[in-house]
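The primary structure of each chain is shown beneath.
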Amino acid sequence: MRNISAAGLAKLAERHGNEPITIVEVDWVKGKATAYADRTVGTIPGRIIEVGDLDDAVNISGNSDSQELAITLDDTDGSIKAILDSHDVHKRDARVYQYFTGLALSDKFLLFSGKISSPIVWNERDRTVKVTILSQLEDREVGFSAEEGQFKYLPAEMVNKPWPLIFGTVINNPCLPVTTAITGTTLTPVGILAGEELMLSLPSSSNVDYEISMMGGGYHKQHLQKVIDAWERADYITATRRTDQDDASYAADVAAAEAANAANAKMVTDYQKQLDDLSDQLKATFLDYSSRELCCQLRRKKKIAEANEKGLGENPIKILGGEDFPQNTPITISIEGGHFTGYFKGTSFYVSSRSSEELTAKANGAYNAKLKDKDVCSMNNTVLKNHWHWKTPVPCGKGDYTDNCYITDDVWTITTINEDAIASREPVIQQFWVEPGASASLYTGDKKVYIASITPGTVLAVRAYKQVSSGVTRLVDVPTDLYSVTSVKYGTITAVQIELTKPLSHILDEGWHDDLYVTFKSSVGPNVADILAYIVDQYTDLTCDATSFAHVKTKLAKFPANFPINDRKNVVQTLREIAFQSRCAIWFSEGVVYLRYLPEEPTSVDTITESDIDAEKGVEVELTSTEDLVTKMVVNWHLRFATDDRAFTVTLRHNLKKYGTHEQTYDFYIYNQPDIIYKCATFWLIRKSNTWKRVRFTTPLHKLNLETFDAVTLDFAQSYVANGPVTAIIESAKYNSANNCIDFVCMTPVAAGTLTKYAYFWPAALAKTVTWPPQSDIDNGWAGSGGLGSGASGSLPVGDTSTIASSSSVFVGGQNIIFGEHSDWGDSTPTDVGFTAQSTVSASDFSGGNATAKETLDLTVDYSTPMTSLVDPAVPSAVTIDLNKTQVFDNSGTTPKVAYLSSLIKGVTTDGKLAISRFALVADDAHPNGQPLSDVLKNADDYLAIRTDVSIWDQDDGEHEYDFKYDEDTEKFGAGTAFLQDS
């Protein structure tokens, strides 16, 4: 209601002999008001020639209001024309008051305030000025984009790019990147190499083959030296004549002694030659190893030279826009994470050095991995091992290492080793290569800044797209060590910023994209009343009505709104869109913004009886326009806001069978909880799919205190629209200054064809047992589509649904959203009583898939090629072999095969003979896996006997049974067909 003084109300109550005076104040010059009246009042000149009808109207369904007044002013003295000549009066503030003679001027009351709008016409002949006053807000925009500010340097890419405005808790909202001011585009390919010195310093081989060769030879040399020492210590024999000995016997003794001494000397000579031969082999091995090392280094240097010749691209680098960079002075530029130092000469950049931290780190990682490969290649990890048990006879008791009459040593040696078997050939040198078309910028640090929100709040998660496999990207968390969050004040704008230590795409080989998405909890919201108040305070000159906002805030507590505003829209449009989605009415009067919760039945502020109505004009009852009908509502909404997050849709239908299809699509962008959207959409479906009764009537000025959106009781309704008084909403209150009356249009909650209040018109306080749609609408086929599809039933093959609450209109399980039967009917319980929204936001939404650095796995296939033959220790005489430890190797294939002698020889018999194992295999080329001897042998008491039921394989013809037959003459088995003797 209008704020009218008691004296003014008393005057309005006088129906006769009371003519009001209209006063208009116009701020032709900002901050200075000039008043006019339709007749002189004190110092206010009577220069209003004509005042049109004051149209005070509201569209409740469309959730808006407007006021308009046309005024003609006398300008005989030319004072207004002089103002028009020197000032632009378009959109200047103006106020319209009502006043009555006999009252103090301070008792005048405001009808409405607005702004001067076109048409603005000065008529030379009549000396009049005609203007229109509209109660509109200025066309301000919500939000901010950088071109509005006083930034000294603003890249073109940031012009008209809104900075995100976030309310409530929003998941995966795109951030705005701050671009670099001076950039260029490469016209030639560029490259960087890292790790050349590391490659040269890396050992040319693992040294294992060489070291094992030397170690095995060394052990053998030690053993031989012990044997030589023992034989050299042998006592030489000297023949001594005995008294009982003749010359012949003595000569024989001398010959025997000489032979024995010669034999001992020969043993020393033989073992010394063996030792010398072994030393020669070890020297040859050393020379072979040294030459391979040298050749390897030469090959590496050649590869590095070729890489530097071909892998660095062109120098100078041609850069489009290079002339905008500092010229002829040393600078460093960044090209996709690579740093190039040099100087510009026009568009050519002459490179003196180049580097990449990422590339260097990668080269170091590869180098360290190579060293680790070398470390793990120890003898204990080597498969190809031999165990030698050397036992060499020497003169008994001679030497320091004798064991009775032998020198013994146990030695492990390796017979085969090669480089490819122990080290990957993956490169240590890493290459950075960028094709033409890359962005180049002045390097002042590799940081990258993004605007997350210009509303205060907390960053809960930062995500970016990452390629996880060929052609597949996922939105994953950015590691927290790669970014920091700060709040930066830019004059009147404070932004929450995310600062990356480096652009994500500059992290080599991880597949990151540069766009960032933030999960953000704003300090504003999620209550819609708080959000609307924030927008009004920040982006208008209006104030909020504390009483109406506080009341509506309690009603909206159950319906949290979580949304971003990522574009620039008119502030009035934005306020009305948010209010509509939250089922509120918002309107503006005298610089104040008012809010009403539409599902709640309002309290009547006045009663209008039949005696208040102008009898001559009477009462008109009309139905709402067919054009306003919406029988099919398509409501789009979002759970998250990243580029590939899908939009959801709620589709509702009602009265299609009655009125036909009237379809309208709505974007419910303020909510991310489907059951809230379902309830709000159902409210508007009820309002828009039915036809309502409107009442038109005229009253004298005593009802001038009533405004649009006021609720009034129509006490005369039983005579025209209902069977009793009803509460109605004033949609239009038009003040007719010529006739001093008010023309009202009121919306009633009475549906066409009925005489009672529609129970669902104000559903907020309905009992939970009251369900929608009413049974009568279902019976008439008005619920839903009412067509063939409404009879479809059964169970869709949607998997296990045992955890879904069947009583819910909408089941929300995190990301899973399931609607119940006849989902296009709307929310089955449209009341607010007992409603609790099912949250789709959980802790997992704040910390999604974690992105970790890809582990470097050695999955290369290694192919071995033998190295120079290693030392093959010559086996001394009388060397003993342990059947269970001695390995036999087969290197004929690509993979060495190993067996022990015990797999062939069973053991040694008591009389010193080797026994073959019955489980040894017999094989040939056609049957490489063979078959056990036990298949062709059987036990026969003390001897092994050949079975007579064995088959013989022929390489060409395959298997044939062998024909055994016993020869009684020779008492032997033989071939029964070919070789047996005739009897």
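It should be emphasised that the depicted structure is a prediction, and the values quoted were computed from it without experimental measurement. (Residues numbered from 1 in each chain as written. Predicted model: local features only at pLDDT ≥ 70, side-chain atom pairs only at ≥ 80, totals over all residues. Heavy atoms only, no water.)

Draft legend 1. Quick look at the overall build of the protein chain. A tally of helices and strands in the protein chain yields 13 helices and 55 strands. Put simply, the protein chain has 983 residues, and 44% of those count as buried. Considering only contacts within the protein chain whose residues lie at least 6 apart along the sequence, 69% involve residues at least 24 apart. If you sum the accessible surface of the protein chain, you get close to 50,600 Å²; carbon and sulfur atoms cover 50% of it. (Helix = DSSP H or I, 4+ residues; strand = E, 2+ residues; numbered from the N terminus. Buried < 20%, exposed > 50% of the residue type's maximum accessible area, 1.4 Å probe, protein only. Contact = heavy atoms within 4.5 Å. Areas by Shrake-Rupley, 256 points an atom, 1.4 Å probe, with all protein chains shown as cover.)

Draft legend 2. Region of interest: the pairing of strand β21 (residues 430-434). Side chains Gln430, Phe432 and Val434 project from β21 onto a buried face, and the interleaved Gln431 and Trp433 project onto a face without burial. Two elements, strand β13 (residues 190-194) and β21, share five bridges in a ladder whose sense is antiparallel. Looking at the pairing, Ala194 lines up with Gln430 of β21. (Pairing = 2+ DSSP bridges.)

Draft legend 3. Up close: the sheet that holds strand β11 (residues 176-177). Taken together, four strands build an open sheet; the order of strands is β11-β23-β27-β26 and the sheet is antiparallel. Bordering the open sheet on either side are β11 and β26 (483-490), each of which pairs with just one other strand.

Draft legend 4. The arrangement of the packing of aromatic side chains in detail. Scanning the model with the defined rule gives 28 aromatic pairs in all. A ring pair is formed by Phe580 and Trp684, whose centres lie 4.3 Å apart and whose planes are at 20 degrees; its orientation type is stacked. Here Phe580, found in helix α9 (residues 571-581), pairs with Trp684, found in helix α11 (residues 674-689); they are 104 residues apart in sequence, far enough to count as distant. Residue Trp684 is classed as buried on the basis of its relative accessible area of 0%. The positively charged end of Arg241 is found above the aromatic ring belonging to Tyr250, 4.4 Å away from the centroid. Positioned above the aromatic ring of Phe761 is the side chain of Arg687, whose terminal nitrogen or guanidinium carbon lies 3.8 Å from the ring centre. (Phe/Tyr/Trp six-rings, centres within 6.5 Å; stacked < 30°, edge-to-face > 60°. Lys NZ or Arg CZ within 6 Å of the ring centre and 35° of its normal.)

Draft legend 5. Quick look at the pattern of salt bridges. With the rule as written, the count across this model stands at 28 salt bridges. Of the charged contacts, one joins Asp77 and Arg47 as a salt bridge, the two residues approaching to 2.9 Å between their closest N and O atoms. Note that Asp77 is positioned in the loop between β5 (64-74) and α2 (79-86) and Arg47 in the loop between β2 (32-37) and β3 (48-51), a separation of 30 residues in sequence. A relative accessible area of 54% places Asp77 in the exposed class. Judged by its relative accessible area of 14%, Arg47 is buried. Across the pair Glu358 and Lys502 runs a salt bridge, and its minimum N-O distance is 2.9 Å. With a gap of 144 residues between them, Glu358 in helix α6 (residues 357-376) and Lys502 in the loop between β27 (493-500) and β28 (512-522) connect regions that are remote in the sequence. Classification of Glu358 by relative accessible area gives partly exposed; the value is 21%. (Salt bridge = Lys/Arg side-chain N within 4 Å of Asp/Glu carboxyl O.)

Draft legend 6. Fine view of the side chain of Asn261. With respect to the helices and strands, the residue Asn261 is situated in helix α5 (residues 247-310). With relative accessibility at 13%, the residue Asn261 sits in the buried group. Once you skip the residues sitting within four places of it in the chain, Asn261 turns out to touch Asp235, Tyr236 and Ile237.

Draft legend 7. Layout of the state of the cysteines. What the rule picks out here adds up to one disulfide. Sulfur-sulfur distance for the disulfide between Cys396 and Cys405 comes to 1.6 Å. One quick way to see it: the torsion about the S-S bond of Cys396 and Cys405 is about 105 degrees, and its sign makes the bridge right-handed. On the basis of relative accessibility, which here comes to 25%, the residue Cys405 falls in the partly exposed class. The thiol of Cys295 is not disulfide-bonded; the next cysteine sulfur, from Cys296, is found 8.8 Å away. (Disulfide = S-S within 2.5 Å.)

Draft legend 8. Here's a closer look at the nonpolar core. If you look at the biggest cluster of nonpolar residues, it comprises 71 residues, and the most contacted ones within it are Trp163, Phe167, Ile535, Phe563 and Tyr671. Among all residues touching Tyr671, those that are not within four sequence positions of it are Val528, Phe559, Pro560, Ala561, Asn562, Gln581, Ser582, Trp637, His638, Ile676, Ile677 and Cys680. With 53 residues, the next largest nonpolar core counts Ile48, Leu110, Leu714 and Ala728 among its residues. (Core = buried A, V, L, I, M, F, W, Y, C linked by side-chain atoms within 4.5 Å.)

Draft legend 9. Main features of the environment of Leu623. Looking at the secondary structure, you find Leu623 in strand β34 (residues 620-623). On the basis of relative accessible area, Leu623 is assigned to the partly exposed category, the value being 46%. Sequence-wise, Leu623 and Lys693 are 70 residues apart; in three dimensions their C-alpha atoms are separated by 4.7 Å. Beyond its immediate chain neighbours, meaning those up to four positions away, Leu623 contacts Thr691, Trp692, Lys693, Arg694 and Ala752.

Draft legend 10. Quick look at the pairing of strand β1 (residues 20-29). Across the ten residues of β1, nine count as buried, placing the element largely inside the fold. Judged from the seven bridges that link them, β1 and strand β6 (residues 93-100) form a sheet pairing that is antiparallel. By the bridge assignment for β6, Pro20 is matched with Phe100. Bridge analysis of β1 against β2 gives five bridges, and the strand direction is antiparallel. Looking at the pairing, Glu25 lines up with Ala35 of β2. Following β1, the chain reverses through two residues before pairing antiparallel with β2; Gly31 in that reversal takes a positive phi of roughly 85 degrees.

Draft legend 11. Region of interest: the side chain of His339. Its location among the elements puts His339 in strand β16 (residues 338-345). In this structure His339 comes out as buried when scored by relative accessible area, which is 8%.

Draft legend 12. View of the sheet that holds strand β14 (residues 317-320). Spatially, six strands are ordered β12-β14-β17-β16-β15-β22 in a closed barrel, and the strand pairing comes out antiparallel. Each neighbouring strand pair of the sheet contributes to a mean axis angle of 45 degrees, computed without reference to strand direction. When β14 meets strand β17 (residues 348-355), the two strands line up antiparallel, connected through two bridges. Within the sheet, the bridge partner assigned to Ile317 lies in β17 and is Phe349. (Axes fitted to C-alpha atoms, helices over the stretch in contact; angles between N-to-C directions.)

Draft legend 13. Broad picture of the packing of helix α7 (residues 528-539) against α9. It is the contact of α7 with α9, at a shortest axis distance of 11 Å, that shows an interaxial angle of 175 degrees. Taken together, the axes of α7 and α9 lie roughly antiparallel to each other. Each of Val528, Leu532, Ile535, Val536 and Tyr539 in α7 lies in contact with α9, whose residues at this interface are Val571, Thr574, Leu575 and Ile578. Among the residues forming the contact of α7 with α9, the class breakdown is eight nonpolar, one polar and no charged. (Parallel < 35°, antiparallel > 145°, perpendicular 65-115°, else oblique. Nonpolar A, V, L, I, M, F, W, Y, C, P; charged D, E, K, R; others polar.)

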